Amino acid sequence: MTRNSNSAPDLQNFVSELEELGQLRHIDGADWNIEIGAITEAVSDKEGPALLFDNIKGYPKGFRILSNAFRTHDRFGVALGLGAGSHGLDLLKKWRAKSKAMKPIAPVEVADGPVLQNRLDGDRLDVLSFPAPMWHEKDGGRYIGTGCSVITVDPETGRTNLGTYRCMVQGRDKVSIKMNKGKHGRMAMEKYHAKGLPCPVAISIGEDPMMFLSSVMSVPVDVEEYHIAGGLRGAPVEIVRSPLHGLPIPARGEIVLEGEIPLITPGSLPQEGPFGEWAGYYADTTTGEVPLMVVKAIYYRDNPIILGMPPMKPPNHYMSLPLGVAALWDQLEAAGVPGITGVWSFVYGGVVGPFVVISIKQAYMGHAKQTLMAATGTRAGAYGGKFVVVVDDDVDVTNLHDVIWAMSTRCDPGECVDIVHGVWTSPADPAIPPHRRNMGHGQTTMRHGYTMDRMLIDACRPYSWLDEFPEVNAFPQEEKDKVTKKWNL
Ligand SMILES: Cc1cc2nc3c(=O)[nH]c(=O)nc-3n(C[C@H](O)[C@H](O)[C@H](O)COP(=O)(O)O)c2cc1C
Ligand SMILES: [Mn+2]
């Protein structure tokens, strides 16, 4: 353990842990304008270290940005509280076990915290006092919020929600918050607005990794993410009340913006995006959909760190593990699919994404097809899906070469492939054609929603002649280990 025993977990402690692991590189003097984004991507390409930018051009020393924090399994393992050293499916299984065993722990309110060390308001308020990066060349603006956590309280239930929604600087005291429809933060906002009231909101920009991860996780609306963060840590998150609206903000947070989302009137919403997104494209330029926050005060601790999580073109990912597959795996089991030995995906954001691979120990005729259909129908597998591949349990789902070998050798396309039309999906799919994005004739709401077809690929050995299928000609690992040892290979 590298944490001081008297200090609770926070982003600065996480940075110290990365440093001690030898997984942190300091970069001095880079420019917030594209350069930090380019450096982040170039280092991510090589699965290099986490990056801590300081002395950022035009900004005082100490106003820092951390990027590539969760790019490798070792660092993500540390963030998940599982330690370094577990990789691939092993890390995913440990994470599933940990989240299943987790018991939520409510946050504790404390009187004061480092986040209140400094305050900007009135004439001194400017969100660009912090080095919000222009992450990609063609982004529509500077994004202060990527690894952020948007804090709202439901006016009816009093429950606090944390959600990670990208936040673009729209002016000295204005930030847009891209809470998509149906997201819990947006639902809270809509309830305030329905009462004719502005929605109080706080944005945490830089927080303990567990708080960030909880705010990314898809948990039901009646579950509070602060409780999940506490449960995963095994200790409550310390919160302080925000001075203006009494919102629960992280006492050990880095930077918190506090303010309100005023009532939405026609023409009052800004242009948001484009933004280089996780699918590898500039996506989602929207005008009139993304709520605008008026920032009234900014709190920050001394030498604050922005947690930067810019999406990048795959195979770069801001999280080394496709966390969404943990939910898909749970939902497949809940749907009664037996014998699942692995679930993985390759092009992903917070959601599972369009290329999912599942391995099973085949037990009966139709088992593989059942797996494919269940995966397409579950909540976690449906949204944003496209290709679903099922393979036998001797195939490593985390290894694309192995998956493609199985598809190439065990599959007769006419027999193994089914296409299902018109399944629920996310607007983030770049392949949705323009005419299916436009408003329909007579349509008064902004959009009705989006669908995408599915390709279900059964790349298992055909069950009907399993016994006759040729044997694989690779040596068992134990045999290879034996000769490696004997011959010092
Ligand atoms: C780095 C990152 C950025 C994200 N950006 C957005 C976003 O801009 N809008 C959005 O609706 N969801 C975004 N998400 C996904 C949400 O954080 C996720 O759906 C979360 O569960 C939402 O919380 P909620 O269920 O309480 O609404 C992002 C996830 C990550 C990891
Ligand atoms: Mn929520």
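Residues numbered from 1 in each chain as written. Chains lettered and ligands numbered in written order. Predicted model: local features only at pLDDT ≥ 70, side-chain atom pairs only at ≥ 80, totals over all residues. Heavy atoms only, no water.

Let's shift gears to the coordination of the manganese ion (ligand 2). Within the protein, the manganese ion (ligand 2) binds to N161 (OD1), H184 (ND1) and E225 (OE); these donor distances fall in the range 2.1 to 2.2 Å. In primary sequence terms, the donor set of the manganese ion (ligand 2) follows N-x22-H-x40-E. Placement of N161 in strand β8 (residues 160-163) and of E225 in helix α7 (residues 225-233) is noted, with a sequence separation of 64 residues between them. (Donors = N, O, S within 2.8 Å, 3.2 Å for Na, K, Ca; no water. Helix = DSSP H or I, 4+ residues; strand = E, 2+ residues; numbered from the N terminus.)

Let's shift gears to a nonpolar patch on the surface. A surface patch of nonpolar side chains, amounting to about 360 Å² of accessible area, comprises V483, W487 and L489. Considering the arrangement of structural elements, one finds V483 in helix α13 (residues 477-486). Here V483 falls in the partly exposed class, since its relative accessible area comes to 33%. (Patch = residues over 30% accessible without salt bridge, like charges linked within 9 Å, V, L, I, M, F, W, Y side chains within 5 Å. Areas by Shrake-Rupley, 256 points an atom, 1.4 Å probe, with all protein chains shown as cover. Salt bridge = Lys/Arg side-chain N within 4 Å of Asp/Glu carboxyl O. Buried < 20%, exposed > 50% of the residue type's maximum accessible area, 1.4 Å probe, protein only.)

Turning next to helix α5 (residues 184-194). Considered for burial, the residues of α5 that qualify are H184, G185, R186, A188, M189, Y192 and H193. The elements touched by buried residues of α5 are β7 (148-153), β8, β11 (199-205), α7 and β14 (255-261). Once α5 finishes, G196 follows within two positions and takes phi at roughly 80°, a positive value. (Contact = heavy atoms within 4.5 Å.)

Attention now goes to the packing of aromatic side chains. On inspection of all chains with the given rule, the structure shows 11 aromatic pairs. Aromatic pair Y383 and W424: ring centres 4.7 Å apart, planes at 55°, arrangement tilted. Taken together, the residues Y383 in the loop between α10 (379-382) and β23 (387-392) and W424 in strand β24 (residues 417-424) connect sequence positions 41 residues apart. On the accessibility criterion, Y383 (24% relative accessible area) is partly exposed. Classification of W424 by relative accessible area gives partly exposed; the value is 40%. Joined through ring pairs, the aromatic side chains of F14, F70, F76 and F212 make up one cluster. The aromatic ring of W32 is capped on one face by R142, whose charged end is 3.4 Å from the ring centroid. (Phe/Tyr/Trp six-rings, centres within 6.5 Å; stacked < 30°, edge-to-face > 60°. Lys NZ or Arg CZ within 6 Å of the ring centre and 35° of its normal.)

A word on the pattern of salt bridges. Between side chains of opposite charge, a pair can form as their charged atoms come close. Under the definition given, this model contains 29 salt bridges. The partner of K191 in a salt bridge is D154, with the nearest N and O atoms 2.7 Å apart. Of this pair, K191 sits in helix α5 while D154 sits in the loop between β7 and β8, and the two are 37 residues apart along the sequence. Looking at D154, the relative accessible area reads 13%, which means it is buried. Residue K369 is joined to D418 by a salt bridge in which the shortest nitrogen-to-oxygen separation is 2.9 Å. With K369 in helix α9 (residues 367-377) and D418 in strand β24, this residue pair connects regions lying 49 residues apart in the sequence. Residue class for K369 comes out partly exposed when judged on its relative accessible area of 29%. Here D418 falls in the partly exposed class, since its relative accessible area comes to 30%. Several salt bridges converge on common partners, so that one network encompasses D10, R252, E254 and R301.

Taken together, the neighbourhood of ligand 1 is formed by 18 residues, with T164, Y165, R166, K178 and H184 sitting nearest. T164 is positioned such that a nitrogen or oxygen atom in its backbone is 2.7 Å from an oxygen atom of ligand 1. The contact in question runs from an oxygen atom of ligand 1 to an N or O atom on the side chain of N180, over 3.2 Å. If ligand 1 stood free it would expose 640 Å²; the protein chains cover 90% of that surface. When residues of the shell around ligand 1 are traced back to their parent elements, those giving at least two are β8 and α6 (209-216). At three residues, β8 tops the list of elements feeding residues into the shell around ligand 1. (Near = heavy atom within 4 Å. Polar contact = N/O pair within 3.5 Å; in protein donor to acceptor, adjacent residues only side chain to side chain.)

With that settled, consider the sheet that holds strand β25 (residues 451-458). Remark on secondary structure: sheet strands pair via backbone hydrogen bonds, oriented parallel or antiparallel. Pairing is mixed in the open sheet, where five strands are placed in the order β21-β22-β23-β25-β24. Since the sheet does not close on itself, it has two edges, and those belong to β21 (340-345) and β24, each with one partner. Each strand axis lies, on average, 20° off the axis of its neighbour in the sheet, ignoring direction. Across the sheet, helix α11 (residues 400-410) touches β22 (355-360), β23 and β25, and the angle it forms with β23 is around 80°. (Pairing = 2+ DSSP bridges. Axes fitted to C-alpha atoms, helices over the stretch in contact; angles between N-to-C directions.)

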